[in-house]
Amino acid sequence: RSPFTRQVSFSDQLSRLLPKTEIYLIPDTYENRYAKKYVRRREREDRKKTMLRDVGATAVILIGVTAISLLFGYWKFDEANIITLYILGILMNALVTESQVFNILASVLSVACFNFFFTNPRWTLLVDKPGYIVTFGIMFLAGFITAFLAKKVKIFGRQAAKRAWRMETLLE
């Protein structure tokens, strides 16, 4: 190829090969390299904002769940109810945040909060019963798996919306 020849686009090549066929191209990417640069910079800035929002959302959800759990503890609810509440908080965190890292963080912090506030000796991260270690492991795994599945549902929803948009564009 010569540097002086114009690069022919895929749609032009396809039109030349199939002159009697109607071709519908649905644009969903940027072809301009300057636009790509702008989009990459904007995505980087959006990631920073998203990360700060995810940190705040994780903190607010864990503080809220811990406050409600302390009320449950005051009212003498069973520990299983409190564990379920923390798993619900992890699920809410998965639905609100974008990164899987925050789901792992929420799972670990939920286990730590439960240990700190609700197991003997209280107000420490020490454990006096070996059964609590199994409880912590199960709580972490249940929270992590729940968050992972919720994230998958969220991704599938986005993909379905994108497919629906493409179909709508194609059928117009």
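**Q** Lay out the nonpolar core with the relevant residues and their values.
**A** In terms of nonpolar packing, the biggest core is built from 15 residues, with Val65, Ile82, Tyr86, Phe114, Phe118, Phe136 and Met139 touching the most fellow members. Sorting the residues of this core by element identifies α2 (33-74), α3 (79-96), α4 (100-118) and α5 (131-171) as the ones contributing at least two each. The greatest single-element share of this core, amounting to 5 residues, is contributed by α4. Non-local contacts of phenylalanine 114, meaning those with residues more than four positions away in its chain, are made with Glu79, Ile82, Ile83, Tyr86, Thr119, Phe136 and Met139. If you look at the next biggest cluster of nonpolar residues, it comprises 5 residues, including Ile90, Ala94, Ala147 and Ala150.

**Q** Tell me about the packing of aromatic side chains, and name the residues and values.
**A** Applying the stated criterion across every chain yields a total of 10 aromatic pairs. Ring centres of tyrosine 132 and phenylalanine 136 lie 6.1 Å apart, and the angle between their planes is 15 degrees; this geometry places the pair in the stacked category. With a gap of 4 residues between them, tyrosine 132 and phenylalanine 136 both fall in helix α5, about one helical turn apart. Look at tyrosine 132 and you get buried, because its relative accessible area is 10%. Through a chain of ring-to-ring contacts, three or more aromatic side chains come together here, namely Phe114, Phe116, Phe117, Phe118, Trp123, Tyr132 and Phe136.

**Q** A description of the environment of threonine 66 should follow, citing residues and the corresponding values.
**A** Secondary-structure assignment places threonine 66 in helix α2. A sequence separation of 20 residues divides threonine 66 from tyrosine 86, and the C-alpha atoms of the two residues are 7.7 Å apart. Residues within four places of threonine 66 in sequence aside, it is in contact with Tyr86, Cys113 and Phe117. Looking at threonine 66, its side chain comes within polar contact range of the main-chain oxygen of leucine 62, at 2.7 Å.

**Q** Lay out the side chain of lysine 151 in plain terms, naming residues and giving numbers.
**A** Examined against the element boundaries, lysine 151 turns out to sit in helix α5. Buried and unpaired, lysine 151 has glutamate 98 as its nearest opposite-charge partner, separated by 5.7 Å. At 3.5 Å, the side chain of lysine 151 and the backbone oxygen of glutamate 98 are in polar contact. With residues up to four places along the chain from it excluded, the contact list for lysine 151 reads Ala94, Thr97, Glu98, Ser99, Gln100 and Asn103.

**Q** Break down a positive patch on the surface for me, citing the residues and quoting the values.
**A** A grouping of Arg40, Arg41, Arg44, Arg47 and Lys48 is seen on the molecular surface, where their side chains present a positively charged patch. Tracing the backbone shows arginine 41 in helix α2. Classification of arginine 41 by relative accessible area gives partly exposed; the value is 45%.

**Q** Provide a residue-level description of α4, including the pertinent values.
**A** Over its 19 residues, α4 extends 27 Å from the first C-alpha to the last, a length consistent with the 27 Å expected when each residue adds 1.5 Å. Considered for burial, the residues of α4 that qualify are Phe102, Asn103, Ala106, Ser107, Ser110, Val111, Cys113, Phe114, Asn115, Phe117 and Phe118. At the N-terminal boundary of α4, the capping side chain belongs to serine 99, with an oxygen 3.2 Å from the backbone nitrogen of valine 101.

**Q** Pulling in residues and values, what's your account of a nonpolar patch on the surface?
**A** A cluster of nonpolar side chains, namely Tyr24, Met167, Leu170 and Leu171, defines an oily patch on the protein surface of about 460 Å² accessible area. Inspection of the secondary structure assignment puts leucine 170 in helix α5. On the basis of relative accessible area, leucine 170 is assigned to the partly exposed category, the value being 37%.

**Q** Can you explain the environment of tyrosine 132? Please cite residues and give values.
**A** Linking tyrosine 132 and asparagine 120, residues 12 residues apart in sequence, is a C-alpha distance of 9.7 Å. Discounting chain neighbours no more than four positions away, the residues touching tyrosine 132 are Glu79, Thr119 and Val127.

Criteria and cut-off values
- Residues numbered from 1 in each chain as written.
- Predicted model: local features only at pLDDT ≥ 70, side-chain atom pairs only at ≥ 80, totals over all residues.
- Heavy atoms only, no water.
- Core = buried A, V, L, I, M, F, W, Y, C linked by side-chain atoms within 4.5 Å.
- Buried < 20%, exposed > 50% of the residue type's maximum accessible area, 1.4 Å probe, protein only.
- Helix = DSSP H or I, 4+ residues; strand = E, 2+ residues; numbered from the N terminus.
- Contact = heavy atoms within 4.5 Å.
- Phe/Tyr/Trp six-rings, centres within 6.5 Å; stacked < 30°, edge-to-face > 60°.
- Polar contact = N/O pair within 3.5 Å; in protein donor to acceptor, adjacent residues only side chain to side chain.
- Lys, Arg positive; Asp, Glu negative; His and termini not counted.
- Salt bridge = Lys/Arg side-chain N within 4 Å of Asp/Glu carboxyl O.
- Patch = residues over 30% accessible without salt bridge, like charges linked within 9 Å, V, L, I, M, F, W, Y side chains within 5 Å.
- Areas by Shrake-Rupley, 256 points an atom, 1.4 Å probe, with all protein chains shown as cover.
- Charge placed at Lys NZ, Arg CZ, Asp CG, Glu CD.
- Expected span 1.5 Å × (residues − 1).

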